[in-house]
Amino acid sequence: MDDKPNPGTLSESSEPLFSFGVIADIQYADLEDGYNFHGSRRRYYRHSLLHLRGAIEHWNEESSAPCCVLQLGDIIDGYNAQYKASEKSLELVMSTFQTLKAPVHHTWGNHEFYNFSRDYLTNSKLNTKFLEDHIVHHPETMPSEDYYAYHFVPFPKFRFILLDAYDLSVLGVDQSSPKYQQCLQMLREHNPNTELNSPQGLSEPQFVQFNGGFSQEQLNWLNEVLAFSDTNQEKVVIVSHLPIYPEASDSVCLAWNYRDALAVIWSHQCVVCFFAGHTHDGGYSKDPFGVHHVNLEGVIETAPDSQAFGTVHVYPDKMMLKGRGRVPDRIMNYEKERAFPLLV
């Protein structure tokens with residue numbers, strides 16, 4: 001594919017406009033190494049914290065310091081809940097992040113909800129909504145308190161949007177609530193299996209319990225923000241724990257209603273990149289509308305002698321991902337009509 005460079009070609013003589021860091025699926029737990037659900041892939045629960053420390057040291061020393069870091073969700077592993085270590089593990093990882101010189105934007109994934117309720121997360125340090133941007137005279141671009149999503153401006157004419165991929169979910173929700181019942185019904189309509197985490201026999205394998213989706217309310221809000229960005233000639237980066245583009249992801253890992261999210265994004269000109277985690281394997285594809293879908297490799301399945309994070313250098317006409325360890329380098333050109341005129 002033409003957007004993935006050959007090794008050694010990722011160099012740029014001009015200075016980037018700005019840079020930001022990306023890291024996904026740290027899933028720390030104070031446990032011996034284990035394996036994934038199928039027993040096929042090794043997970044390095046303790047070492048993930050050392051990988052995070054290594055990433056932070058790198059970002060702190062970069063000559064073009066990142067203006068922020070996007071943490072793509074699953075910051076601690078669900079096993080912590082089983083051992084009643086959720087708060088202790090979260091505190092350890094968050095204190096590690098405090099050594100980073102740049103602000104961190106935290107996305108929520110399924111492992112956040114294995115450990116904590118939505119109410120707990122809303123009142124925790126994992127809620128970084130205080131970093132959001134407020135667009136004057138455009139109240140329609142203010143997100144509701146019913147989901148965890150917001151947008152911010154890291155650099156003029158660039159807007160980043162964090163989405164809540166578990167807005168529709170049976171995870172982290174009070175089981176007596178109408179929303180839980182609604183989401184459980186939606187899940188069971190698409191997944192008749194007794195084990196709701198199993199995609200066996202499903203025509204739409206993304207309908208499993210460890211995934212979730214976007215409410216119509218959140219999609220309407222996203223549409224309003226993208227409409228503003230179109231009018232304001234901004235470039236938009238969207239962040240979600242769950243991927244939404246099948247060509248870049250294992251179909252079992254997609255958001256329940258990924259098609260609805262794509263329909264909103266594809267009805268606008270402004271979106272250039274969509275970052276997600278969740279798959280652990282990583283993945284990439286450019287969709288027919290020129291949006292680059294990047295699924296970042298997960299820290300949790302990264303061997304001690306490797307790494308899994310990246311720094312994205314942003315230019316007027318492209319973004320360049322400089323990956324570390326398992327994360328490959330990528331050059332992501334904007335579509336011609338989406339490229340900026342050169343800034344003078």
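Here the structure is a predicted model, which is why all the values come from computation and not from measurement. (Residues numbered from 1 in each chain as written. Predicted model: local features only at pLDDT ≥ 70, side-chain atom pairs only at ≥ 80, totals over all residues. Heavy atoms only, no water.)

*Asks:* Can you walk me through unusual backbone geometry in this structure?
*Replies:* With the exception of glycine, most residues fall at negative phi, and the peptide bonds are largely trans. If you check the backbone angles, aspartate 25 has positive phi at about 50 degrees while not being a glycine. You can see aspartate 25 is positioned in the loop between β1 (18–23) and β2 (34–35). One non-glycine residue with positive phi stands out, namely lysine 84, at about 55 degrees. Counting through the fold element by element, lysine 84 comes out in the loop between α2 (79–82) and α3 (86–97). By relative accessible area, lysine 84 is classed as exposed at 77%. (Helix = DSSP H or I, 4+ residues; strand = E, 2+ residues; numbered from the N terminus. Buried < 20%, exposed > 50% of the residue type's maximum accessible area, 1.4 Å probe, protein only.)

*Asks:* Explain the packing of helix α1 (residues 47–61) against α3 here, please?
*Replies:* Where α1 contacts α3, the axes come no closer than 10 Å and their chain directions differ by 15 degrees. As summarised for this structure, α1 and α3 are arranged roughly parallel, according to the angle between their axes. α3 is crossed by α1, and the crossing has right-handed handedness. On α3, the residues touching Leu49, Leu52, Arg53 and Ile56 of α1 are Leu92, Val93, Thr96 and Phe97. Considered class by class, the residues forming the contact of α1 with α3 number 6 nonpolar, 1 polar and 1 charged. (Axes fitted to C-alpha atoms, helices over the stretch in contact; angles between N-to-C directions. Parallel < 35°, antiparallel > 145°, perpendicular 65-115°, else oblique. Left-handed = near helix turned anticlockwise from the far one by under 90°. Contact = heavy atoms within 4.5 Å. Nonpolar A, V, L, I, M, F, W, Y, C, P; charged D, E, K, R; others polar.)

*Asks:* What exactly am I supposed to notice about the sheet that holds strand β10 (residues 283–286) here?
*Replies:* For sheets, the rule is that strands pair by backbone hydrogen bonds, running either parallel or antiparallel. In spatial order, the strands read β6-β7-β8-β9-β11-β10; together these 6 strands make up an open sheet with mixed pairing. Strand pairing shows two members of the sheet lacking a second neighbour, β6 (150–155) and β10, which therefore form its edges. Neighbour-to-neighbour, the strand axes of the sheet open up by a mean angle of 15 degrees, direction not taken into account. Sheet topology note: the β10/strand β11 (residues 292–295) ladder contains 4 bridges and is antiparallel. From the neighbouring strand, tyrosine 284 faces β11, where its bridge partner is valine 294. (Pairing = 2+ DSSP bridges.)

*Asks:* What is the right way to read the nonpolar core from this model?
*Replies:* Across soluble globular proteins, you tend to see nonpolar side chains buried next to one another. If you look at the biggest cluster of nonpolar residues, it comprises 84 residues, and the most contacted ones within it are Phe20, Ile23, Phe97, Phe275 and Met319. Broken down by element, the residue count for this core peaks at 6 residues, all from strand β9 (residues 271–276). Setting aside anything within four residues of it in sequence, one finds phenylalanine 275 in contact with Phe20, Val22, Leu72, Val237, Ile238, Val239, Ser240, Val294, Val312 and Met332. By size, the runner-up hydrophobic cluster in this structure holds 9 residues, among which are Val170, Tyr180, Leu196 and Trp256. (Core = buried A, V, L, I, M, F, W, Y, C linked by side-chain atoms within 4.5 Å.)

*Asks:* Could you clarify how one ought to interpret the pattern of salt bridges in this entry?
*Replies:* Should their charged atoms come close, side chains of opposite charge can pair. Enumeration over the complete set of coordinates arrives at 15 salt bridges. Its salt-bridge partner being glutamate 301, residue arginine 41 comes within 2.6 Å of it at the nearest N-O pair. Highlighted residues: arginine 41 in the loop between β2 and β3 (42–43) and glutamate 301 in the loop between β11 and β12 (308–314), separated in sequence by 260 residues. A salt bridge links aspartate 329 to lysine 322; the nearest nitrogen and oxygen atoms lie 3.3 Å apart. Accessibility expressed as a relative area gives 29% for lysine 322, which makes it partly exposed. (Salt bridge = Lys/Arg side-chain N within 4 Å of Asp/Glu carboxyl O.)

*Asks:* Could you clarify how one ought to interpret the packing of aromatic side chains in this entry?
*Replies:* The description of an aromatic ring pair uses the distance of the two centres, along with the angle that the planes make with each other. Overall, the coordinates contain 20 aromatic pairs when judged by the stated rule. For the ring pair phenylalanine 207 and tryptophan 256, a centre distance of 5.8 Å and an interplane angle of 25 degrees mean the geometry is stacked. Highlighted residues: phenylalanine 207 in the loop between α6 (178–190) and α7 (216–231) and tryptophan 256 in the loop between β8 (235–239) and α8 (258–266), separated in sequence by 49 residues. Tryptophan 256 shares its class with phenylalanine 207; the two are buried. Taken together, the ring pairs in this structure connect Phe18, Phe20, Trp108, Phe113, Tyr148, Tyr150, Phe152, Phe155, Phe158, Phe160, Tyr166 and Phe275 into an aromatic cluster. A cation over an aromatic ring shows up here: lysine 318 above the ring of tyrosine 315, its NZ or CZ 5.1 Å from the ring centre. (Phe/Tyr/Trp six-rings, centres within 6.5 Å; stacked < 30°, edge-to-face > 60°. Lys NZ or Arg CZ within 6 Å of the ring centre and 35° of its normal.)

*Asks:* Any chance you could explain α7 here in plain terms?
*Replies:* The α-helix winds at 3.6 residues per turn, so residues separated by three or four positions along the chain end up facing the same way. Its 16 residues give α7 an end-to-end C-alpha distance of 23 Å, which sits within 8% of 22 Å, the value for a rise of 1.5 Å per residue. Among all positions of α7, only Gln218, Leu219, Trp221, Leu222, Val225, Leu226, Phe228 and Ser229 are buried. Contacts from the buried residues of α7 go to β6, β7 (158–162), β8, α8 and β9. Downstream of α7 by a residue or two, glutamine 233 has a phi angle that is positive, lying close to 55 degrees. (Expected span 1.5 Å × (residues − 1).)

*Asks:* When you look at the sheet that holds strand β13 (residues 318–325) in this model, what are you seeing that I'm missing?
*Replies:* Across the sheet, which stays open at both edges, the 6 strands sit in the order β5-β4-β1-β12-β13-β14 with mixed pairing between neighbours. Only two strands of the sheet have a single partner each, and these edge strands are β5 (104–106) and β14 (330–333). Strand-to-strand twist across the sheet, computed as the mean angle between neighbouring axes with direction ignored, equals 20 degrees. Strand direction decides the pairing type here: strand β4 (residues 69–71) and β5, joined by 3 bridges, are parallel.

The analysis is restricted to geometry; functional conclusions fall outside its scope.
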